[in-house]
Structure formats: C-alpha cells, structure tokens
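The primary structure of each chain is shown beneath.
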Amino acid sequence: MKQFLYFVQKETWHIVRDRRTMLIMFGMPVVMMLLFGFAISTDVRNVRTAVVTAFTDHETQRMVERLAASEYFDVRYCVSTPAEGERLLRMQKADIAVVMTRGHAVQIITDATDPNMGQLYSSYAMMTLRGDDARTAPFAQRLLFNPQMRSSYNFVPGIMGMLLMLICAMMTSISIVRERERGTMELLLVSPVRPLMVIAAKVVPYLVLAFVILASILLVSKYVLEVPLAGSVWSIVAVSGLYILVALSLGVLISTVARTQLVALLVSAMMLIMPCVLLSGMMFPIDSMPRPLQWLTAIMPPRYYIQAMRKLMIMGTGMDKAMPEVMTLMGMAVVLLSSALIKFNKRL
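First things first, this report covers the structure right here in the doc. Every value quoted in this text rests on a predicted model; they were computed, and no experiment measured them.

## Description of a nonpolar patch on the surface
Here is step 1 of the chain: On the surface, a cluster of nonpolar side chains totalling about 450 Å² of accessible area is made up of V30, L34, L219, Y223 and V224.
Here is step 2 of the chain: The set of elements that each furnish at least two residues to the nonpolar patch consists of α2 (19-39) and α8 (195-223).
Here is step 3 of the chain: Here Y223 shows up in helix α8.

Here it is as structure tokens:
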C-alpha cells in the first residue's frame, strides 16, 4: 500500500510542477464557464425594433410604450408603412418590425436568416405586446424550470459534461502515453507494484482534481451565473463521480491505442471535443437531428450525463427520475473499463 501511495504522490507532484497542465485543468473550466454563461448567449436582449404605425390612437400608443419599456426590445425606428420596415430589415438596421394596423391587429416581421432567433424575437414580441391584459391575451403561458429563459440554464450542464470528459479522458491518456513515449513506463512496470496498480496510481490524482474542478464549476454556476442547484447536491456529486469514472476509463482505453502524445491528442479531439459539443444535446436538440446521428448519440456518454444534470440541477427532480441515465452510464463504465484493462494487459 505504501508503494501505491508513493506512486500517487509522484504523479501528483508531476502534475503540480507542470504549469501548462495546471493552467489547462483549472483555467479552462473557469474561462469556458464564463464564456458560455455570458458571451455565448441565446438570451433575447436589446433587439433592434422598428414600429410601423399608419395611424396612432391610445391603444397603439400603449403597445409601443410597452415595447419600449421592455428589456428585450430597443425601439429605434417609427415608420408609417410596412415597406419601410422591411427596408430597415434588409439594410440590417433592425432585427424585427412590428406592424400595427387598424383594428389593433399586429403583424410581426422578423429577420429569419437565423431561424431560431427569428422565432424567439417573434415570440418575445407577442408576449410583450399582449402583456397581462386579458382583453388582448387570449392564451396563458407558463414557463417551467427557467421562467427567465436564460441560456445559462441550458449551457451549464453541457459545459460540465464537456469539461469533465476532456480533462479526465484527455489528460489521463496523455499522461500514460507520455510515460511510454519517454521509455519510463517499462521502468514503472518492472517495479514490485503490479501494472494495474501503476495505472490506478496515475489515475487517482486526476480523479481528485476532477472533483475539485466539479466543485469550482458548481460554485461559478451558482454564484456567478446564478444557475440554481434545485436538486440534491449529493445526487449531483454521485452522478458526476460515475461520469468521471467513465471518462477516466475512456482515457485509459485511448492510452492503450495511442503510441505517442500527438496520436493521443488527435484521437481525443476526434472522439471527444466535437462530438461532445455537437452530438450530446448540449447546443442542438437531439430530436431535431437526422436519424443516423440520433443513433450515433446513443453511444455518447455526455448525452446521458447532461440529461441527468438537467433533471437534478434545473428541474430539481430526485435520483429516481435520473435512473435511466445513471444505469446507462454504469453500463458504459463497465464496458470501457473492462476493454481498457483487457487491451492494456495485451499491450503488456
């Protein structure tokens, strides 16, 4: 046991002395959380608005004032014909034109070159114009779990899944490959400690660091991005621990395939970075993808982790509601860990 602890201590000092590794492991999570939480946002704010009013009465004036007072819209132009409003859209001086006609009917013209944002602008404009007036609001709308419609609620679970996968899998694979590339792995394997204990000793520091990074992500999301932790913190930590085990197992598996650090980085990039962003449901709904890509997402661990975190963090459900995702991650952990150990033994 003492020899195992010595190996853990040796690997820990190796990580701490490597400033680049420390910068990646602790700088990247904070920077990416702030970027996705603030800079990369789908929140509707300060939409450039043109109001088209062929005539003005008390009701139309009240609707224009409601738009101007909203935090979502910035009324910059007041024109008299729909053609002028459309011209402002074509010149990209406005993002939306609100046409008010006689009878208080409203037509909303949006720039739909980005169809998602165009639909959002239209929905926000309709909600703002109708307001709480029962005479002009024939329907009732209720937004669950994210009534402010803040994009950080969607991005935080996705960033957690991507960062933990990248750090645990990529850093573990590079660490083991680096020993083999330098020729020091053979020296470690001929020591009295069994080979699997050597691998475990190299993985343990990254496991501890992953939980430290998880704690920092949760703190930033709660106190900086103001994303609530609606569910049990212990459930969030438990599911995250299982996901970290999956990522570490994948890292060991990559290390058994790659012979150099460059190959490990390329394999990690192809298997982790782009799939984590595009195929995990982090940014794009899985149900909107073509059927072959939906099948491909079924083997992506971040997909199930992100779904579980949205249930536990945002919706505030119990662990029982996240059991389908938890069982899937357990199965992946068993398959990846078994494959990694079998492949590693064969390489030895």
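## Focus on the nonpolar core
Here is step 1 of the chain: Grouped together as the largest cluster of nonpolar side chains are 61 residues, with contacts concentrated most on M160, M165, V239, Y305, M309 and M313.
Here is step 2 of the chain: Those elements that provide at least two residues to this core are α6 (152-182), α8, α9 (233-257), α10 (261-278), α12 (301-315) and α13 (323-347).
Here is step 3 of the chain: Ranked by residues supplied to this core, first place goes to α6 with 17 residues.
Here is step 4 of the chain: Here Y305 is in contact with M160, G161, L164, L214, V239, S240, Y243 and L329, once residues within four sequence places are set aside.

## Observations regarding the packing of α6 against α9
Here is step 1 of the chain: In the contact formed by α6 and α9, the axes pass within 8 Å of each other and the chain directions differ by 35 degrees. Crossing geometry of α6 relative to α9 is assigned as right-handed. Here M160, G161, L164, M165, C168, A169, T172, S173, I176, V177 and R180 of α6 lie close against α9, whose contacting residues are S240, Y243, I244, A247, L248, L250, G251, V252, I254 and S255.
Here is step 2 of the chain: Tallied by class, residues from the contact of α6 with α9 come to 14 nonpolar, six polar and one charged.

What counts and what doesn't
Residues numbered from 1 in each chain as written. Predicted model: local features only at pLDDT ≥ 70, side-chain atom pairs only at ≥ 80, totals over all residues. Heavy atoms only, no water. Patch = residues over 30% accessible without salt bridge, like charges linked within 9 Å, V, L, I, M, F, W, Y side chains within 5 Å. Areas by Shrake-Rupley, 256 points an atom, 1.4 Å probe, with all protein chains shown as cover. Salt bridge = Lys/Arg side-chain N within 4 Å of Asp/Glu carboxyl O. Helix = DSSP H or I, 4+ residues; strand = E, 2+ residues; numbered from the N terminus. Core = buried A, V, L, I, M, F, W, Y, C linked by side-chain atoms within 4.5 Å. Buried < 20%, exposed > 50% of the residue type's maximum accessible area, 1.4 Å probe, protein only. Contact = heavy atoms within 4.5 Å. Axes fitted to C-alpha atoms, helices over the stretch in contact; angles between N-to-C directions. Left-handed = near helix turned anticlockwise from the far one by under 90°. Nonpolar A, V, L, I, M, F, W, Y, C, P; charged D, E, K, R; others polar.

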